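So you can see what is in the structure, the chains are spelled out below.
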Amino acid sequence: QVQLVESGGGLVQAGGSLRLSCATSGSIFNINAMGWYRQAPGKQRELVAVITGGGTTNYADSVKGRFTISSDNAKNTVYLQMNSLKPEDTAVYYCNIEGGILKKRYYWGQGTQVTVSS
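Residues numbered from 1 in each chain as written. Predicted model: local features only at pLDDT ≥ 70, side-chain atom pairs only at ≥ 80, totals over all residues. Heavy atoms only, no water.

Colleague: Looking at this model, I keep getting lost on the sheet that holds strand β1 (residues 3–7). Mind explaining?
Modeller: Backbone hydrogen bonds hold the strands of a sheet together, and the pairing may be parallel or antiparallel. As summarised here, the arrangement of the four strands in space is β1-β3-β8-β7, forming an open sheet in which the pairing is antiparallel. The sheet is open, and its two borders are formed by β1 and β7 (67–72), each paired with just one other strand. Neighbour-to-neighbour, the strand axes of this sheet turn through a mean angle of 15 degrees, independent of strand direction. Pairing analysis gives five bridges linking strand β3 (residues 18–25) to strand β8 (residues 77–82), with the strands arranged antiparallel. For arginine 19, the partnering residue across the bridge sits in β8 and is glutamine 81. (Pairing = 2+ DSSP bridges. Helix = DSSP H or I, 4+ residues; strand = E, 2+ residues; numbered from the N terminus. Axes fitted to C-alpha atoms, helices over the stretch in contact; angles between N-to-C directions.)

Colleague: I tried to follow the state of the cysteines on my own but got confused; where do I start?
Modeller: In protein structure, a disulfide is the covalent linkage between the sulfur atoms of two cysteines. Under the criterion given, the structure shown has one disulfide. The disulfide that involves cysteine 22 links it to cysteine 95, with 2.1 Å between the sulfurs. Between cysteine 22 and cysteine 95 the disulfide shows an S-S torsion of about -80 degrees. By sign, it is left-handed. Of the two residues, cysteine 22 sits in strand β3 while cysteine 95 sits in strand β9 (residues 91–99), which places them 73 residues apart along the sequence. Each member of the pair cysteine 22 and cysteine 95 is classed as buried. (Disulfide = S-S within 2.5 Å. Buried < 20%, exposed > 50% of the residue type's maximum accessible area, 1.4 Å probe, protein only.)

Colleague: Just checking my understanding: could you explain the side chain of arginine 38 for this structure?
Modeller: Along the chain, the position of arginine 38 falls in strand β4 (residues 31–39). Take arginine 38: its relative accessible area is 6%, and that puts it in the buried class. Polar contacts involving the side chain of arginine 38 include one to the side chain of aspartate 89, which spans 3.0 Å. Polar side-chain contacts of arginine 38 include one of 2.9 Å to the side chain of tyrosine 93. When sequence neighbours within four positions are dropped, the list of residues in contact with arginine 38 reads Gln44, Arg45, Glu46, Val48, Ser62, Val63, Phe67, Glu88, Asp89, Ala91, Val92 and Tyr93. (Polar contact = N/O pair within 3.5 Å; in protein donor to acceptor, adjacent residues only side chain to side chain. Contact = heavy atoms within 4.5 Å.)

Colleague: Looking at this structure, I do not really get the nonpolar core. What am I missing?
Modeller: Here is a general trend for soluble globular proteins: nonpolar side chains tend to be buried in one another's company. Residues Trp36, Leu80, Met82 and Tyr93 are the most contacted members of the largest nonpolar core, which totals 29 residues. Among all residues touching leucine 80, those that are not within four sequence positions of it are Leu18, Arg19, Leu20, Trp36, Val48, Ala49, Phe67, Thr68, Ile69 and Tyr93. (Core = buried A, V, L, I, M, F, W, Y, C linked by side-chain atoms within 4.5 Å.)

Colleague: Explanation requested: the environment of threonine 57 in the structure shown.
Modeller: Within the element layout of this structure, threonine 57 appears in strand β6 (residues 57–59). For the pair threonine 57 and asparagine 76, spaced 19 residues apart in sequence, the C-alpha separation works out to 16 Å. Those residues within four positions of threonine 57 in sequence are excluded, and the remaining contacts are Val50, Ile51 and Ile69.

Spelled out as structure tokens, the structure:
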């Protein structure tokens, strides 16, 4: 059974930094991409950053230049370095992995809270 476990969230002042990690257990066939999503209270879940198996990255406009996604493919682990944090970055951050070839499968972590105080 596949499990994704996020860590690294917490409370930080505006301008500060946090590094999120997402560790996986279990076997995932053919990982296509790993990413981070976030959901703020009263808002829909949104994509923050994604990295493909080939290393291509994509970011939400709101985090470009501040956040960096990276991965350790050997460990099926994905990271999100968050710098220059803003109060509007406050949300629950979720790790997501897309696997499979003909039939895609999506795996989610339980989420980690990030709170940025002004």
